[in-house]
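# Report on the structure
This is what each chain is made of:
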Amino acid sequence: MTEGTLKEPNLQDAEAEEVEQEFGTAGIAPMARPSRTTRFFMGIVSWAEKLNLKYARFGNPPVYDNAVFPWTSEIEKAWPDIRVELDRVLLRQSELPAFQDISTDVKTISTDSQWKTFFLVGFGVKSKQNIQACPKTWAAVQKIPNLKTAMFSIFEPGKHLPAHRGPYNGVLRLHLGLIVPEPGDKLAIRVKDRICHWQEGKALVFDDAYEHEAWNHTDKTRVVLFVDFVKPLKFPASFINWALMNLAIFTPFIREGLDNHKEWEKRFYAEAETLRNQ
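Rules used in this analysis
- Residues numbered from 1 in each chain as written.
- Predicted model: local features only at pLDDT ≥ 70, side-chain atom pairs only at ≥ 80, totals over all residues.
- Heavy atoms only, no water.
- Helix = DSSP H or I, 4+ residues; strand = E, 2+ residues; numbered from the N terminus.
- Buried < 20%, exposed > 50% of the residue type's maximum accessible area, 1.4 Å probe, protein only.
- Contact = heavy atoms within 4.5 Å.
- Areas by Shrake-Rupley, 256 points an atom, 1.4 Å probe, with all protein chains shown as cover.
- Core = buried A, V, L, I, M, F, W, Y, C linked by side-chain atoms within 4.5 Å.
- Polar contact = N/O pair within 3.5 Å; in protein donor to acceptor, adjacent residues only side chain to side chain.
- Pairing = 2+ DSSP bridges.
- Axes fitted to C-alpha atoms, helices over the stretch in contact; angles between N-to-C directions.
- Salt bridge = Lys/Arg side-chain N within 4 Å of Asp/Glu carboxyl O.

## Here we look at the overall build of the protein
The number of helices and strands found in the protein is nine helices and eleven strands. A buried classification covers 53% of the 278 residues belonging to the protein. Across the protein, every contact between residues at least 6 apart in sequence was considered, and the portion connecting residues at least 24 apart equals 81%. For the protein, the exposed area adds up to about 13,600 Å²; of that, 56% sits on carbon and sulfur atoms.

## Description of the nonpolar core
Generally speaking, soluble globular proteins have nonpolar side chains that are buried together. Formed by 60 residues in total, the largest nonpolar core has its most connected members in Phe118, Phe152, Val227 and Phe229. The residues touching Phe152, leaving out its near neighbours within four places in the chain, are Ile82, Leu86, Val89, Lys116, Thr117, Phe118, Cys134, Thr137, Leu178, Val223, Val224 and Leu225. Residues Ala48, Tyr168, Val171 and Ile240 belong to the second largest nonpolar core, which totals 17 residues.

## As for the side chain of Asp228
The residue Asp228 is located in strand β11 (residues 222-230) in this model. A polar contact of 2.7 Å, which involves the side chain of Asp228, links it to the side chain of Arg173. Setting aside its immediate chain neighbours within four residues, Asp228 contacts Leu147, Lys148, Thr149, Val171, Leu172 and Arg173.

## A word on the sheet that holds strand β2 (residues 115-122)
Think of a sheet as strands paired side by side through backbone hydrogen bonds, with each pair either parallel or antiparallel. Sheet architecture is open: six strands sit in the order β3-β2-β4-β11-β6-β9, paired in antiparallel fashion. Looking at the sheet topology across the chains shown, the edges are occupied by β3 (125-126) and β9 (203-206). Two strands pair when backbone bridges link them, and β2 and strand β4 (residues 147-155) are joined in this way by six bridges, in the antiparallel orientation. Paired with Val121 across the bridge in β4 is Ala150. Running at roughly 75° to strand β6 (residues 171-179), helix α4 (residues 79-89) makes contact with β2, β4, β6 and β11 of the sheet.

## Topic: the pattern of salt bridges
Enumeration over the complete set of coordinates arrives at 13 salt bridges. Between Glu74 and Lys77 there is a salt bridge whose closest N-O contact spans 3.3 Å. In this pair, Glu74 and Lys77 are both assigned in helix α3 (residues 72-77), three residues apart and thus about one turn of the helix distant. The exposure class of Glu74 is partly exposed, given its relative accessible area of 30%. Of the charged contacts, one joins Arg92 and Glu95 as a salt bridge, the two residues approaching to 2.6 Å between their closest N and O atoms. When its relative accessible area of 16% is taken as the criterion, Arg92 is described as buried. Connected through salt bridges with shared partners, the residues Glu74, Lys77 and Lys143 form a single ionic network.

Quick look at the structure:
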């Protein structure tokens, strides 16, 4: 593995790099006995992933140069306001859901309560009450073209997310460092063969369809703004990707995740209202 920075590789490197995305992750069990509808949908996804690699506008590097996406500088400028809103959210950190409590397929890589989330939007569906709690964060992520998911991703002390790959290469991921404790060498993310260290107020854009893992081996909480946005593609992959993104919301996994989040949201804000009325 090589030590990477948030600004590498450059665009020329990205275009020249050989693509080695694996359509599966060693050691991670596939979904057990999927429905016929899900098997059909996943067959289309596999075909679309190959198109996405071929028609990617900016190549297929594991980690992107931020200059490829000029809007990242606007997100970085909003960091102080986002951090203030995050601090308010973390006053009830113990009540936030573990990621697998919302998206049950995450249980293949995380089963403890050390990876917590606070969603603003998931798969294009907004959490109105969470947005009301973080209006400046919401305003900032509106600057991201083709935003699909935005949330606070909270790694509690000792959390290590094992190597895995994302479910679909039609999106890219941004992490904006919000709380990055010291020592910096004890927390990082590896994307393929690049190790990147988060920095507060700095953006990292990567392709989660490559094998990646992340860890927080400090004794303090690490938080990033976690964003998925549509990968820039050329036609015809762009059209097929758009269609899949709009159909994905009807798949069982995503419907279940949205329902789980609605139930958590009701409990969370009902408890807050009870406290206010005491």
